[in-house]
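# Chain and residue survey
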Amino acid sequence: MLSPASLFLFIEQSKKIHYNMKYIALLAISFILSMATYAQSNAIVGKWLNEEKDGKVEIYETSGKFYGKLVWLKHTYEADGKTLRKDSKNKDAKLRERTLLNAVILTGFRFEDGKWVDGQVYDPKSGKTYSCVIKIKDGNMEVRGYVGSPMFGRTATFTKAN
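The following paragraphs examine the structure supplied in this document. Treat the numbers as computed from the prediction; the structure is a model and nothing was measured. (Residues numbered from 1 in each chain as written. Predicted model: local features only at pLDDT ≥ 70, side-chain atom pairs only at ≥ 80, totals over all residues. Heavy atoms only, no water.)

## Brief notes about the overall build of the protein chain
Convention followed: The secondary structure listing takes helices from DSSP runs of H or I that are at least 4 residues long and strands from runs of E that are at least 2 residues long, numbered from the N terminus. Type-normalised accessible area, obtained with a 1.4 Å probe on protein chains alone, sets the label of each residue: buried when under 20%, exposed when over 50%, and partly exposed for intermediate values. Whether two residues touch is decided by their heavy atoms; if any such pair falls within 4.5 Å, the residues are in contact. Values of accessible area rely on a 1.4 Å probe in the Shrake-Rupley scheme; residue burial ignores everything except the protein chains shown.
Of the regular secondary structure elements, the protein chain holds 1 helix and 8 strands. For the protein chain, the α and β elements follow one another from N to C terminus as α-β-β-β-β-β-β-β-β. In the protein chain, which comprises 162 residues, the share counted as buried stands at 25%. The contacts in the protein chain between residues at least 6 apart in sequence include a share of 40% that link residues at least 24 apart. Accessible surface for the protein chain amounts to roughly 11000 Å². Of this, 59% is attributable to carbon and sulfur atoms.

Rendered as structure tokens:
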């Protein structure tokens, strides 16, 4: 037969074990949710073909922000066939001499509520930079560039590249 003191110790130990199990379960749930959010936030990481299929952008993450650079162009070279195409339409004269290949055209996105926000997209065809929101829809990446409000913008649909 258990003495009252032994019974008290047994009950107290059981409470501690129960508390520790709750704590472990809470940690496990938090870990699973954070991994799901991390996986969702990285859904844009990889290579994507633009709508016209004449450019490929590689999206990458650095310090919690997402960026994209041109890694392939259908027309990589100038008419001479030797000189890499330059960013000749850039509004910034200092950048007109940079090559388009490996130029960063998507900058500063952060993941929030299922989309990538607060970034900018540079259009090398026009030389203009726009505010931008990115979403994944049906396995495609929707890049919406706009001035002022996303309501007054244009969406380009990118497809996942190999």
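Next comes the rest of the write-up.
## Notes on the sheet that holds strand β5 (residues 115-123)
Just so we agree on the cut-off: Note on pairing: DSSP must find at least two bridges between two strands before they are called paired. Between the N-to-C directions of two axes lies an angle of 0 to 180 degrees, each axis being a line fitted to C-alpha atoms and, for a helix, fitted only over the stretch in contact.
The strand order β1-β2-β3-β4-β5-β6-β7-β8 describes a closed barrel built from 8 strands, whose pairing is antiparallel. Within the sheet, the average angular offset between the axes of one strand and its neighbour, ignoring direction, is 30°.

## Let's talk about unusual backbone geometry
Backbone geometry at K53 places phi at a positive 65°, although glycine is not the residue there. Within the fold, K53 resides in the loop between β1 (46-49) and β2 (55-62). The phi dihedral of D113 falls on the positive side, at around 50°, and the residue is not glycine. Structurally, the position occupied by D113 is in the loop between β4 (104-112) and β5. Assessed through its relative accessible area of 72%, D113 is described here as exposed.

## A few points about the packing of aromatic side chains
Filter applied, for reference: Any two of the Phe, Tyr and Trp rings considered here, Trp counted by its six-membered ring, make a pair once their centres fall within 6.5 Å; the pair's planes then place it as stacked at under 30 degrees, edge-to-face at over 60, or tilted in between. By definition, being over a ring means that NZ of Lys or CZ of Arg is both within 6 Å of the ring centre and within 35 degrees of the ring normal.
One pass over the full model with this rule turns up 2 aromatic pairs. Centre to centre, the rings of Y60 and Y67 are 5.9 Å apart; their planes meet at 25°, and the pair counts as stacked. Judged by its relative accessible area of 27%, Y60 is partly exposed. Here Y67 falls in the partly exposed class, since its relative accessible area comes to 24%. With a centroid separation of 5.0 Å and 55° between ring planes, the pair formed by F111 and W116 is classed as tilted. As far as burial versus exposure is concerned, F111 and W116 are alike and both buried. Lying over the aromatic face of Y122, R98 brings its terminal NZ or CZ to 5.5 Å of the ring centre.

## Quick notes on the environment of W116
Position of W116 relative to the elements: it lies in strand β5. Overall, the relative accessible area of 1% leaves W116 in the buried class. Along the primary structure W116 and K65 are separated by 51 residues, whereas in three dimensions their C-alpha atoms are 9.2 Å apart.

## Notes on the layout of surface pockets
Defined as follows: Grid points spaced at 1 Å and placed over the protein atoms alone form the basis of the search, with a cavity being a set where a 1.4 Å probe fits but cannot get out and a pocket an open set showing protein on both sides within 12 Å along at least five of seven lines. Lining residues have an atom within 4 Å of a point. Grid points are joined across faces, edges and corners, and a volume is the space filled by probe spheres set on the points. Classification convention: Asp, Glu, Lys, Arg as charged; Ala, Val, Leu, Ile, Met, Phe, Trp, Tyr, Cys, Pro as nonpolar; all other residues, Gly among them, as polar.
The space that makes up the largest pocket amounts to roughly 780 Å³. E52, Y122, D123, P124 and K125 are, among the 36 residues lining the largest pocket, the residues nearest its centre. Elements that contribute at least two residues to the lining of the largest pocket include exactly β2, β3 (65-73), β4, β5, β7 (140-146) and β8 (153-160). Top contributing element to the lining of the largest pocket by residue count: β8, with 5 residues. Grouping the amino acids of the lining of the largest pocket by side-chain chemistry returns 16 nonpolar, 7 polar and 13 charged.

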